[in-house]
Amino acid sequence: MSQVLDTSNEFIPRHIGPSEDDQKKMLAAIGAADLATLMREVVPANIHMSRELDLPGARSEADVLAEMRKIAADNQVFRNYIGQGYYGTHTPNVVLRNILENPAWYTAYTPYQPEISQGRLEAILNYQTMVADLTGLDIANASLLDEGTAAAEAMTLARRASQSPSKVFFVSQHCHPQTIEVIRTRADGLDIDVVVGDESKGVPACFGLLVQYPHSLGAVADYRALTEQVHAQGGVVACATDLLALALIEPPGHWGADIAIGSAQRFGVPFGFGGPHAGFMACKDAFKRNMPGRLVGISKDAQGNQALRLALQTREQHIRREKATSNICTAQVLLAVMSSMYALWHGPKGIKAIATRVHQSTVVLKQALAALGIKVVNETFFDTLLLETGAQTDAILKAARAARINLRSVSATQLGISLDETVTIEDLGQLLGVFASATAQAAPALTQEVNGLPGIPSSVQRKQAILSHPVFSSIQSETDMLRYLRKLADKDLALDRTMIPLGSCTMKLNATVEMIPVTWPEFAAIHPFAPAEQTRGYQTMIERLSKDLCEITGYDAISLQPNSGAQGEYAGLLAIRAYHRANGQHQRDICLIPSSAHGTNPASANMVGMEVVVVGSDAHGNVDLEDLKAKIAKVGDRLAALMVTYPSTHGVFEESITTICDLIHEAGGQVYMDGANMNAMVGVAQPGKFGSDVSHLNLHKTFCIPHGGGGPGVGPVGVRAHLAPFLPGVVNEKGVMANGMPVGPVSAAPFGSASILPIPFVYISLMGAEGLRRATEVAILSANYVARRLADYYPVLYTGRNGRVAHECILDINPIKEASGISAEDIAKRLMDYGFHAPTMSFPVAGTLMVEPTESEGLAELDRFVDAMIAIRHEIAQVESGERDKSDNVLKNAPHTAKMLLAEEWHHDYPRQQAAYPVESLRDSKYWPPVGRVDNAWGDRNLVCSCLPVEAYAEQE
């Protein structure tokens, strides 16, 4: 083809920041002849790929989107009444365009740096307030992964909080089937006995129980007496519930439940073939310090102004490691934000009106079905009816499919119907027509008026107002909403404003073209339990993406089900445990983990019942081989696995990685290679070919799914052939696992967060084999460029062969702190004054900054960051020399807000201009942090995790 007409390579330079000429300048700066030479200097020869990936070549954006249209067309969008935890909803257009499709929201990182995250922290606080209000409990967290995993987390929270000596966790048979399966998977490694039964027939002695309210098949039960019974035995009561139903039914916290969990999906987030959706958890105040996941709390900044932050930071896995309450690192923040804005958009009156309309529509349908002689099993209900359809079941299902309608197939003689906010009177007429046709009757007229809440017993009707905080009544028009969303977004730093050089986080470009298919109805409007013939497009995409990821990693099989990186770790360790059990080696229960590992590694090992033994690092930051050998010998035939991150969290390719793998295999163990740093290996090295048995990938890092301010993510787990039978089980269209599966599901939906899988699929298709390799090479080049340019100012703690780093570098601030008193935190906060998000602080080594520039940042932005770091080093020198005060200087007081700098009196030992405009370029475009440095300790001592009353804001003013 003529070069003039060939557009296949156009996307690659759009993704990769430095131009060809800039790459040459960067290579010259680090003393490398070319990229191929650099890669030979960085990547050990015995793992370096000698061929290109067996993937198609690069393609143009138009070409890939055209193919995505064809794939999407193979998904059939039916009218869904399946329910089972997933319901139709209208995403408010203002939320769709200004949050889900807005890079200011979807490219932000988890708000560990609160001063530059106040906007999304406020949105999450709204979410927590919403959940706590609707559930009637004291405190709610910032989201969990989905309803099934939230239920599993509730089980482990109940065990920590319970006074009962029992090992039994009772699960109501009325819970969603997929939730029961996920609970069984989680309990297996934790010495918990799961008993599933009908609570109305009695509950055994247990440390806790889970009920569904309303039931999966519709009924609304009064659980007061059962709750009192369980509490009397020292047990904990958890309740899986529905936020929309809670607008009308008594909140769980008011009838005694200790924990409430569920999904916020029906608050404005599409089906998406199962996800991503924000799971939620609320609990009573006494449980708050044991609650899993992230928690936004209210604190104050250095000037005494209110400021938000992630609370109870000591629960983070990298501090508590195997003692962490959970392995949850981040969850579903973007979706939680959408759900909170759904509540603001509709307000308390709107939410109650929607819930009432859904319920009354269900009443109308029930009456019409009764006129056709169709028996409704459940007398009580919110939105779901269980129908006794007998011998006519198949005929009804067939008629429904012909009308492009999905009903829930419960059994050979029963069907379920769940209504939602999208249902109209015309939909009810069509639905009734299906039953009339299948039963050879004329469709009766629909009742046009319903009074009250006939399906909800008065004893469990909600008596309290909902969403009573004024924030939920603050939006009167779309103008109000637009300005509120803009106000929040303007408070934050995301990739649409600046480089985010977080080490071990890979904050690379999330190209717009990759995001576009996500909101197409053919992907967004598919129920996770829709019949397989309606999801062929998804099946095609999943099969091709799985094949591509296997080729990239060198593994033989992969599961896309885990809906976070930590879930991928958990799934990989489940596979290892099941493999050993299948070989009759149940005693293998020890996991070796290097001291430098990410904290989710030991937390995940603990979740599968493994004991963690730590392996030390040597002076160069590598796994200490002698210590490894000693630990292998010590644990003997109890060795189950080694978890190792590669390249290491110290930012280098360890030369001895194949030796490490051999040592573990010789001792009968398996090698789990954490794929957090896969951005340094795509097209360059395949872990499945050089000794690893299993890895998880972070599709929200390496393969361009955006971080969303703390989720969503996808953490697929790849394995070699011998572990393939032990990948997570997949539930069927009824949400149930087949008998005899060695491992259960780890997520509620069969393919986890399926609706965001088009993002990595499009990325791989656009880049092709050559583009993917080049991205890796430039990521490594950029890290070495930053390391070389900063080496004279900040010591680079670890380097590999030839003095090179991998895709990230660690800057040692400890000597600077000793000389000047300036800490890594001071530098991180001062970077905000320069308009940058800070690098990763004090991980994996205390007192350091870990920088990962990625391949997507251009040379101009890399230089802007380096220049800022050098300027900060000069500011530190002023403190070292005594020119500036050690406690009152631009670093200790950073970040500086406009309010601080506009104060009438200035009492600091440096000029305002230095604080505000340390480099001239900031005069053209200045980001102003909305709050000063946040007081973390004060926030934990005075823990408040929901919106303050309006009076508090008035007092502050």
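So, a few notes on the structure that sits alongside this text. (Residues numbered from 1 in each chain as written. Predicted model: local features only at pLDDT ≥ 70, side-chain atom pairs only at ≥ 80, totals over all residues. Heavy atoms only, no water.)

**Quick word on the overall build of the chain**
Scanning the chain from N- to C-terminus turns up 30 helices and 25 strands. In terms of overall size, the chain behaves like a compact globule, its C-alpha atoms giving a radius of gyration of 28 Å where 957 residues would be expected to give roughly 30 Å. C-alpha atoms of the chain, sized along the principal axes, occupy 85 × 70 × 70 Å. Within the chain, the fraction of its 957 residues that count as buried is 66%. Contacts in the chain between residues far apart in sequence, at least 24 positions, make up 77% of those at least 6 positions apart. For the chain, the exposed surface amounts to about 32,000 Å²; the carbon and sulfur share of it is 50%. Across the chain, the centroid of the 80 positively charged side chains sits 2 Å from that of the 102 negatively charged ones. (Helix = DSSP H or I, 4+ residues; strand = E, 2+ residues; numbered from the N terminus. Rg over C-alpha atoms; globule rule 2.2 N^0.38 Å. Buried < 20%, exposed > 50% of the residue type's maximum accessible area, 1.4 Å probe, protein only. Contact = heavy atoms within 4.5 Å. Areas by Shrake-Rupley, 256 points an atom, 1.4 Å probe, with all protein chains shown as cover. Lys, Arg positive; Asp, Glu negative; His and termini not counted. Charge placed at Lys NZ, Arg CZ, Asp CG, Glu CD.)

**Structural notes on the pattern of salt bridges**
What the rule picks out here adds up to 46 salt bridges. In this structure, the salt-bridge partner of arginine 773 is glutamate 777, at a minimum N-O distance of 3.0 Å. Here arginine 773 pairs with glutamate 777, and both are found in helix H23 (residues 758–790), just four residues apart, close to one helical turn. Like glutamate 777, arginine 773 is buried. A salt bridge links aspartate 826 to lysine 892; the shortest N-O distance between them is 2.8 Å. (Salt bridge = Lys/Arg side-chain N within 4 Å of Asp/Glu carboxyl O.)

**Comments concerning the packing of aromatic side chains**
Within this structure, the stated rule accounts for 18 aromatic pairs. Taking 6.0 Å as the distance between ring centres and 20° as the angle between the ring planes, the aromatic pair formed by phenylalanine 273 and phenylalanine 751 counts as stacked. You can see phenylalanine 273 sitting in the loop between strand E7 (259–263) and strand E8 (279–283) and its partner phenylalanine 751 sitting in the loop between strand E22 (717–719) and H23, a full 478 residues away along the chain. Of the residues examined, phenylalanine 273 reaches a relative accessible area of 6% and is grouped as buried. Site record: aromatic cluster; members linked through ring pairs are Phe273, Trp520, Phe523, Tyr538 and Phe751. (Phe/Tyr/Trp six-rings, centres within 6.5 Å; stacked < 30°, edge-to-face > 60°.)

**A few points about the sheet that holds E8**
The seven strands lie next to each other as E2-E8-E7-E6-E5-E3-E4, forming an open sheet whose pairing is mixed. With one partner strand each, in any of the chains shown, strand E2 (139–140) and strand E4 (193–197) form the two edges of the open sheet. Bridge count between E7 and E8: five bridges; the pairing is antiparallel. Its bridge partner being in E8, serine 263 is matched across the sheet by glycine 279. Sitting on the sheet, helix H7 (residues 118–135) is in contact with E2, E7 and E8, with an inclination near 60° to E8. Contacts from helix H10 (residues 224–232) reach strand E5 (208–213) and strand E6 (236–242) within the one sheet, and its direction differs from that of E6 by about 150°. (Pairing = 2+ DSSP bridges. Axes fitted to C-alpha atoms, helices over the stretch in contact; angles between N-to-C directions.)

**Things to note about the environment of glycine 275**
Mapping glycine 275 onto the fold places it in the loop between E7 and E8. Classification of glycine 275 by relative accessible area gives buried; the value is 1%. In contact with glycine 275, other than residues within four places in its own chain, are Gly752, Ser753, Ala754 and Ser755.

**A few points about the sheet that holds strand E24 (residues 840–841)**
Read from one edge of the open sheet, three strands run E23-E25-E24, paired in antiparallel fashion. If you trace the sheet from one side to the other, it starts and ends with strand E23 (809–812) and E24, each paired once. As paired elements, E24 and strand E25 (residues 848–851) share two bridges and run antiparallel to each other. If you follow threonine 840 over to E25, its bridge partner there is methionine 850.

**Here we look at the packing of helix H4 (residues 61–73) against helix H18 (residues 536–553)**
Here H4 crosses H18 at 125°, and the two axes come no closer than 6 Å. Taken together, the axes of H4 and H18 are oblique relative to one another. Residues Glu67, Met68 and Ile71 of H4 touch H18, and the partners they reach there are Gly537, Met541 and Arg544. Its residues assigned to classes, the contact of H4 with H18 shows three nonpolar, one polar and two charged. (Parallel < 35°, antiparallel > 145°, perpendicular 65-115°, else oblique. Nonpolar A, V, L, I, M, F, W, Y, C, P; charged D, E, K, R; others polar.)

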